[in-house]
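One-letter residues, chain by chain:
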Amino acid sequence: VQTPNASIHSSLLALRWLARISSILLIGVFVLMFIGEGFDPARITPREWVSLLFFPFGLVLGMALAWWREGLGGAITLASLLGFAMFGDLSQGACLPSLLCASPGFLFLLCWFLSKAEKMPAGEEGLPQPSAPAQPGPGISEAVIARVAAGLCPKCGAQVKPAAQNCPSCRINLAFAREHLDQLSPLAK
Ligand SMILES: [Zn+2]
């Protein structure tokens, strides 16, 4: 049976690797751009330094950190995008590409959120699982089943002869009792 947990878990795994692979590709693109443009610190204006601090330095730092700390790394990635939008020279045409460059940050944050949501009902904190049946049959206690298996009275556990119609101790009709095991109190002795 595919539980909601299992489907969340597999989507989480797929999302996590989508985020990681896209982050590697984007970091690779940034590195190639730096090599291609011939990075020269002497020619960079203070305003450009601020811009570079967010984009790509903050972006790369966030995406690399998100491999271990998805929440923090994703947040740094998106904060860097926001900083670049506010302080950088974000022209009209740069909007979509920079959103695309920060997209692993959204994915990492989604993974972080999903992994938190997944932990809640997983029962790892010792929470009871309402859907998991603790007993072999619906409403039949293990004590009652053990009595039937041992040939005892299902209700009180007294020794009964195989041919007996009623329990010698509690007088219950044994044929009735064996057909209505779910109605026997597990507390009866
Ligand atoms: Zn009995």
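What you are looking at is a predicted structure, and each value in this text was computed from that prediction instead of being measured.

A.B. asks: Sorry if this is basic, but what is going on with the overall build of the protein chain here?
C.D. replies: What the protein chain contains, in helices and strands, is seven helices and zero strands. Written out in order from the N terminus, the α and β elements of the protein chain read α-α-α-α-α-α-α. Long-range contacts, defined as pairs at least 24 residues apart, comprise 55% of the intrachain contacts of the protein chain with a sequence gap of at least 6.

A.B. asks: Explain the layout of surface pockets to me, please; I cannot follow it from the model alone.
C.D. replies: Summary: where empty space remains is shown by rolling a probe the size of a single water molecule over the atoms. Approximately 640 Å³ is the volume found for the largest pocket. Residue lining of the largest pocket: 22 residues in total, with Met 33, Phe 34, Glu 37, Leu 52 and Phe 55 positioned closest to the centre. Put simply, the parts of the chain that give the lining of the largest pocket at least two residues each are α1 (4–37), α2 (46–65) and α4 (95–101). Looking at which element gives the most residues to the lining of the largest pocket, the answer is α1, with six residues. When its residues are assigned to classes, the lining of the largest pocket shows 14 nonpolar, three polar and five charged.

A.B. asks: Before we go on, may I ask you to explain the coordination of the zinc ion in this structure?
C.D. replies: Distances from the zinc ion to its protein donors, Cys 153 (SG), Cys 156 (SG), Cys 167 (SG) and Cys 170 (SG), fall at 2.1 to 2.3 Å. For the zinc ion, the four donor atoms are set out with angles of 104 to 118° between them, so the coordination reads as tetrahedral. One chain supplies every donor to the zinc ion, and in sequence these donors are spaced C-x2-C-x10-C-x2-C. In this pair, Cys 156 sits in the loop between α6 (142–149) and α7 (174–179) while Cys 167 sits in the loop between α6 and α7, placing the two residues eleven residues apart along the sequence. Residue class for Cys 156 comes out buried when judged on its relative accessible area of 14%.

A.B. asks: What is the right way to look at the packing of α2 against helix α3 (residues 70–87) in this model?
C.D. replies: Each packed pair of helices is defined by two parameters, the angle between the axes and the distance between the axes. Two numbers describe how α2 lies on α3: the axes approach to 7 Å, and their chain directions differ by 160°. When the interaxial angle is binned, α2 and α3 end up roughly antiparallel. The interaxial crossing formed by α2 with α3 has left-handed handedness. Residues Arg 47, Val 50, Ser 51, Phe 54, Phe 55, Gly 58, Leu 59, Leu 61, Gly 62, Met 63 and Leu 65 of α2 form the contact with α3, whose own contacting residues are Leu 72, Gly 73, Gly 74, Ile 76, Thr 77, Ala 79, Ser 80, Leu 81, Gly 83, Phe 84 and Phe 87. Tallied by class, residues from the contact of α2 with α3 come to 13 nonpolar, eight polar and one charged.

Criteria and thresholds
Residues numbered from 1 in each chain as written. Predicted model: local features only at pLDDT ≥ 70, side-chain atom pairs only at ≥ 80, totals over all residues. Heavy atoms only, no water. Helix = DSSP H or I, 4+ residues; strand = E, 2+ residues; numbered from the N terminus. Contact = heavy atoms within 4.5 Å. 1 Å grid on protein atoms, 1.4 Å probe; cavity = no way out; pocket = protein on both sides within 12 Å on 5 of 7 lines; lining within 4 Å. Points joined across faces, edges and corners; volume = space filled by probe spheres on them. Nonpolar A, V, L, I, M, F, W, Y, C, P; charged D, E, K, R; others polar. Donors = N, O, S within 2.8 Å, 3.2 Å for Na, K, Ca; no water. Tetrahedral: all angles 85-135°; square planar, octahedral: opposite > 155°, others 65-115°. Buried < 20%, exposed > 50% of the residue type's maximum accessible area, 1.4 Å probe, protein only. Axes fitted to C-alpha atoms, helices over the stretch in contact; angles between N-to-C directions. Parallel < 35°, antiparallel > 145°, perpendicular 65-115°, else oblique. Left-handed = near helix turned anticlockwise from the far one by under 90°.

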